[in-house]
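Chain by chain, the residues run as shown.
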Amino acid sequence: MSNLRFPENFLWGAATAAYQIEGAARDDGRGPSIWDTFSRTPGKVHQGHTGDVACDHYHRYADDVALMAELGLRAYRFSVAWPRIQPDGTGPVNPCGLDFYDRLVDALLDRGIDPIVTLYHWDLPQALGDRGGWTNRETAEHFATYATAVHARLGDRVDTWTTLNEPWCSAYLGYGNGVHAPGEQDPAAAFTAVHHLLLGHGLAARALRAAGAETIGITLNPADVRPADPASAADAAAVRLVDGLHNRIFLDPLLAGGYPEDVLEHVGGFVEPAFVRDGDEKLIAAPIDLLGINYYQPTYVAGRPGGAGGGGAYPGTEGAVEFLPPVGPLTDMGWMIEPAGLTRLLERIATDYPGVPMLITENGAAFPDKPGVDGPDGAGGVMDTDRIAYLDGHLRAAHEAIARGVDLRGYLVWSLLDNFEWAEGYRKRFGIVHVDYLTQRRTPKASARWYQEVISRNGL
Ligand code: FCB
């Protein structure tokens, strides 16, 4: 295949999230989060796995940063665990919690790696969960207070701040279909959570702006929603509905001034949207500097009376929409591999919501890696050629978007390390670095060596 060069200053890096890698769940005053509770609830997470130990990154961060440097990463996206900073979600700040991120940021900067902070990657303090979590408007206000505390400690060294990771998952998987913490199944709660998450973003972004943060953004997992039959009017209507519930419900208030009418009407079938108060939309629509995009696979839908719909993850699609089963070669998550979806998605956002630079904050794949004896680095390596192919295809797709004029600033692979894959526990491996959970030994897979080359050449 042809050689491709990425723009100068294209930001190459990797991403992780606190609960998925840190472990040290009780160290230094960390309070419990809704994921500690959820993972201990029988039947919720594969084999009852928890984040108690995970990759023990909390104690091994220095070695992990050294590994990042060895791979040539220019940026590292991590999340801050709110329950380390405020064990109860409100009230006094726990300095030991901030100390950890302080050390981590210094270690990154020492190696010339740009820290990209995510303030919320799903580990809500349980004390706030007890008060309704994101269905409670106060959570949004507490989030801004927490964001301010983190910025006060790290803001002198961290330029890039993202408020939320994938609020679609927090709202619809947390409160709609219950696959994620806190495990509720209530469409009204899910839609209420959508708004309070966006409000939390707006309040935190305003606070960060006032405190002098340089680059402020949010990470979404917008869906590339496609019709089963491009010629079918019914399928086009299904696309419109699903696009509204997944994409426009976030993108419009963030980047186009307010919620779309058709979506509000749909939501009104489940809950009176009185939770949207005067001034909220204006706050949420305040300009951001960067939009983070997480992309894994496209979504194909058909408009069919009696269709099974998307369950609680897409309330109101039951009886009208069929979500097509994924086809073709699949990843270990059962996800479709369709790089063109990334190009389409980036172009669509650039067209419909012009003017915001984008960063791919996650893209990657789980495969059933088998550590071998004669791996790429001599011993115990993993020849993950399927992952290399996935990443190669998606980087070409990202490059195509840039060629078509999309302002794409960088690419962060998900993930640096194998880690706790939420409801799937440790059985799904997304890392470019293999983790042996018994010994905590890290072994770069072939994909890590390949990625190292890509970075050093700034291209493929
Ligand atoms: C995303 C999450 C991330 C990881 C990947 C596979 O939805 O943001 O934490 O689990 O999926």
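Look up a bit, the structure's there.
Residues numbered from 1 in each chain as written. Predicted model: local features only at pLDDT ≥ 70, side-chain atom pairs only at ≥ 80, totals over all residues. Heavy atoms only, no water.

### Some thoughts on the overall build of the protein chain
In step 1: A count of helices and strands for the protein chain gives 15 helices and 13 strands.
In step 2: Computed over the C-alpha atoms, the radius of gyration of the protein chain is 21 Å, within 12% of the 23 Å expected from 2.2 N^0.38 for a compact globule of 460 residues.
In step 3: Once the C-alpha set of the protein chain is aligned to its principal axes, its extents read approximately 60 × 55 × 45 Å.
In step 4: The 460 residues of the protein chain split such that 60% are buried.
In step 5: Sequence-distant contacts, at least 24 apart, represent 76% of the contacts inside the protein chain between residues at least 6 apart.
In step 6: Here the protein chain has roughly 16,600 Å² of accessible surface; of this, 52% comes from carbon and sulfur atoms.
In step 7: In the protein chain, 38 side chains carry a positive charge and 59 a negative one; their mean positions are 3 Å apart. (Helix = DSSP H or I, 4+ residues; strand = E, 2+ residues; numbered from the N terminus. Rg over C-alpha atoms; globule rule 2.2 N^0.38 Å. Buried < 20%, exposed > 50% of the residue type's maximum accessible area, 1.4 Å probe, protein only. Contact = heavy atoms within 4.5 Å. Areas by Shrake-Rupley, 256 points an atom, 1.4 Å probe, with all protein chains shown as cover. Lys, Arg positive; Asp, Glu negative; His and termini not counted. Charge placed at Lys NZ, Arg CZ, Asp CG, Glu CD.)

### A word on helix α10 (residues 233-255)
In step 1: Under the 1.5 Å per step criterion, the end-to-end length of α10 is only 28 Å for 23 residues, more than 12% shorter than the ideal 33 Å.
In step 2: Most pronounced at Asn247, the bend in α10 amounts to some 55°.
In step 3: Gly257 occupies a position one or two residues after α10 and carries a positive phi of about 95°. (Expected span 1.5 Å × (residues − 1). Bend = angle between axes of the 7 residues up to and from the residue.)

### Details of the nonpolar core
In step 1: Within the largest apolar cluster, 147 residues are counted, with the highest numbers of intra-cluster contacts made by Trp35, Tyr101, Tyr120, Leu291 and Tyr451.
In step 2: Here the element with the most residues in this core is helix α9 (residues 187-210); it accounts for 11 residues.
In step 3: The residues contacting Leu291, other than those within four sequence positions of it, are Ile218, Leu220, Leu251, Leu255, Ile349, Val356, Pro357, Met358 and Leu359. (Core = buried A, V, L, I, M, F, W, Y, C linked by side-chain atoms within 4.5 Å.)

### A few points about the site of the ligand
In step 1: Looking at the ligand, the residues that line it are Gln20, His121, Trp122, Asn165, Glu166, Tyr296, Glu362, Trp414, Glu421, Trp422 and Phe430.
In step 2: Within the side chain of Asn165, a nitrogen or oxygen atom sits 2.9 Å from an oxygen atom of the ligand.
In step 3: A distance of 2.7 Å is found between an oxygen atom of the ligand and a side-chain nitrogen or oxygen belonging to Glu421.
In step 4: Protein contacts shield 95% of the accessible area of the ligand, which totals 290 Å² for the unbound molecule. (Near = heavy atom within 4 Å. Polar contact = N/O pair within 3.5 Å; in protein donor to acceptor, adjacent residues only side chain to side chain.)

### Describing the environment of Met358
In step 1: Note that Met358 resides in strand β10 (residues 358-362).
In step 2: With a relative accessible area of 1%, Met358 lands in the buried category.
In step 3: Along the sequence, Met358 and Ile293 sit 65 residues apart, while their C-alpha atoms lie 6.9 Å from each other.
In step 4: Non-local contacts of Met358, meaning those with residues more than four positions away in its chain, are made with Leu290, Leu291, Ile293, Leu346, Ile349, Ala350, Val406, Asp407, Leu408, Arg409 and Gly410.

### As for the side chain of Asn419
In step 1: Here Asn419 lies in the loop between β11 (408-414) and β12 (433-436).
In step 2: Apart from residues no more than four positions distant in its own chain, Asn419 is found in contact with Gln20, Ile21, Cys55, Trp414, Gly425, Tyr426, Lys428 and Tyr437.

### What about the pattern of salt bridges?
In step 1: As enumerated under the stated definition, the model contains 35 salt bridges in all.
In step 2: Across the salt bridge formed by Asp156 and Arg157, the nearest N and O atoms sit 3.0 Å from each other.
In step 3: Note on Asp156: relative accessible area 61%, which makes it exposed.
In step 4: A cluster of three or more residues bridged by salt bridges with shared partners is formed by Asp99, Asp102, Asp106, Arg153, Asp156 and Arg157. (Salt bridge = Lys/Arg side-chain N within 4 Å of Asp/Glu carboxyl O.)

### Regarding unusual backbone geometry
In step 1: The omega torsion of the bond from Ala181 to Pro182 falls at 5°, within 30 degrees of zero and hence cis.
In step 2: Its location among the elements puts Pro182 in the loop between α8 (167-175) and α9.
In step 3: If you check the backbone angles, Asn9 has positive phi at about 70° while not being a glycine.
In step 4: With respect to the helices and strands, the residue Asn9 is situated in the segment before β1 (11-15).
In step 5: According to the relative accessible area criterion, Asn9 is exposed, its value standing at 71%.
In step 6: A positive phi angle, near 45°, is found at Ala54, a position not held by glycine.

### Focus on the sheet that holds strand β2 (residues 75-79)
In step 1: Ordered in space as β1-β2-β3-β4-β5-β7-β10-β11, the 8 strands form a closed barrel in which the pairing is parallel. Taken over all neighbouring pairs, the strand axes of this sheet differ in orientation by 25° on average, direction set aside.
In step 2: Two strands pair when backbone bridges link them, and β1 and β2 are joined in this way by 3 bridges, in the parallel orientation. The residue bridging Ala14 from the neighbouring strand is Tyr76, located in β2. (Pairing = 2+ DSSP bridges. Axes fitted to C-alpha atoms, helices over the stretch in contact; angles between N-to-C directions.)

Everything listed here is a matter of geometry and, on its own, says nothing about what the molecule does.
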